[in-house]
Amino acid sequence: MIINLIAVGDKMPRWVAEGYQEYTRRLPPECTLKLTEISARHRGKNADIRRIIRDEGHAMLAAIPQGSRVIALEVKGRSWSTEDLSRQLDNWLGSGQDIALLVGGPEGLAAECRERANQLWSLSPLTLPHPLVRVVVAEQIYRAWSILRNHPYHRG
């Protein structure tokens, strides 16, 4: 199974890439985490934010691999504990279906992305910086996998 993390933004600080890669390299081939970056549109002083969100959303939808189950990361989505995520991951692995996780830009996801999603997942009621979301998602997926495999990483 491939978990496709489709995220707006392509110019991340080095710490983001290193943090993300630290956890993706730990995952086995049966649970690959693959990043697809969607270029963030320029947000100038007089930018048409609604159009930018819509255009980024269309690019995200076009990047979803065919047949994937879509989960949108959305502050108003459902919160999962680490154990809940582990159960979700187990279900995803059992289905054999690839997963697409959608992470919007600074203003969030386009409505079309939320509508296309099979599930809405909230990492936190806090607003997190979008670069940090990549690292948190990668770490939590690795942690969920470690629970499924009784790996000592998770000691919760």
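The preceding data block contains the structure.
Residues numbered from 1 in each chain as written. Predicted model: local features only at pLDDT ≥ 70, side-chain atom pairs only at ≥ 80, totals over all residues. Heavy atoms only, no water.

## Quick look at the sheet that holds strand β2 (residues 32–38)
As summarised here, the arrangement of the 5 strands in space is β2-β1-β4-β3-β5, forming an open sheet in which the pairing is parallel. Single-partner strands in this sheet number two, and they are β2 and β5 (119–122). Within the sheet, the average angular offset between the axes of one strand and its neighbour, ignoring direction, is 30°. Relative to strand β4 (residues 99–103), strand β3 (residues 69–79) runs parallel, the two being bridged by 4 bridges. Of the residues in β4, the one forming a bridge with Ala 72 is Leu 102. Across the sheet, helix α2 (residues 49–63) lies against β1 (2–8), β2 and β4, angled at about 145° from β2, the strand it touches most. (Pairing = 2+ DSSP bridges. Helix = DSSP H or I, 4+ residues; strand = E, 2+ residues; numbered from the N terminus. Axes fitted to C-alpha atoms, helices over the stretch in contact; angles between N-to-C directions. Contact = heavy atoms within 4.5 Å.)

## Considerations on the environment of Ile 38
Note on placement: Ile 38 falls in strand β2. Spatially, the C-alpha atom of Ile 38 lies 16 Å from that of Glu 112, the residues being 74 residues apart in sequence.

## Overview of the packing of helix α3 (residues 82–95) against helix α5 (residues 130–148)
Axes are the key here: two packed helices are described by the angle between their axes and the distance separating the axes. Across the interface, α3 lies against α5 with an axial gap of 8 Å and an inter-helix angle of 75°. Comparing the axis directions of α3 and α5 gives the class roughly perpendicular. Contacts between α3 and α5 involve Thr 82, Leu 85, Ser 86, Leu 89, Asp 90 and Leu 93 on the former and, on the latter, Gln 140, Ile 141, Arg 143, Ala 144, Trp 145, Ile 147 and Leu 148. Of the residues contributing to the contact of α3 with α5, the split by class is 8 nonpolar, 3 polar and 2 charged. (Parallel < 35°, antiparallel > 145°, perpendicular 65-115°, else oblique. Nonpolar A, V, L, I, M, F, W, Y, C, P; charged D, E, K, R; others polar.)

## Concerning the pattern of salt bridges
In this structure the tally under the stated criterion is 14 salt bridges. Note that Arg 26 is salt-bridged to Glu 22, the shortest N-O span being 2.7 Å. Classification of Arg 26 as partly exposed rests on a relative accessible area of 30%. A salt bridge links Asp 55 to Arg 54; the nearest nitrogen and oxygen atoms lie 4.0 Å apart. Overall, Asp 55 belongs to the partly exposed group, its relative accessible area being 22%. A residue is classified by how much of its surface remains accessible, and Arg 54, at 37% relative accessible area, is partly exposed. When salt bridges with common partners are traced through the structure, they connect Arg 41, Arg 51, Arg 54 and Asp 55 into a single cluster. (Salt bridge = Lys/Arg side-chain N within 4 Å of Asp/Glu carboxyl O. Buried < 20%, exposed > 50% of the residue type's maximum accessible area, 1.4 Å probe, protein only.)

Everything listed here is a matter of coordinates, which is why it stays silent on function.
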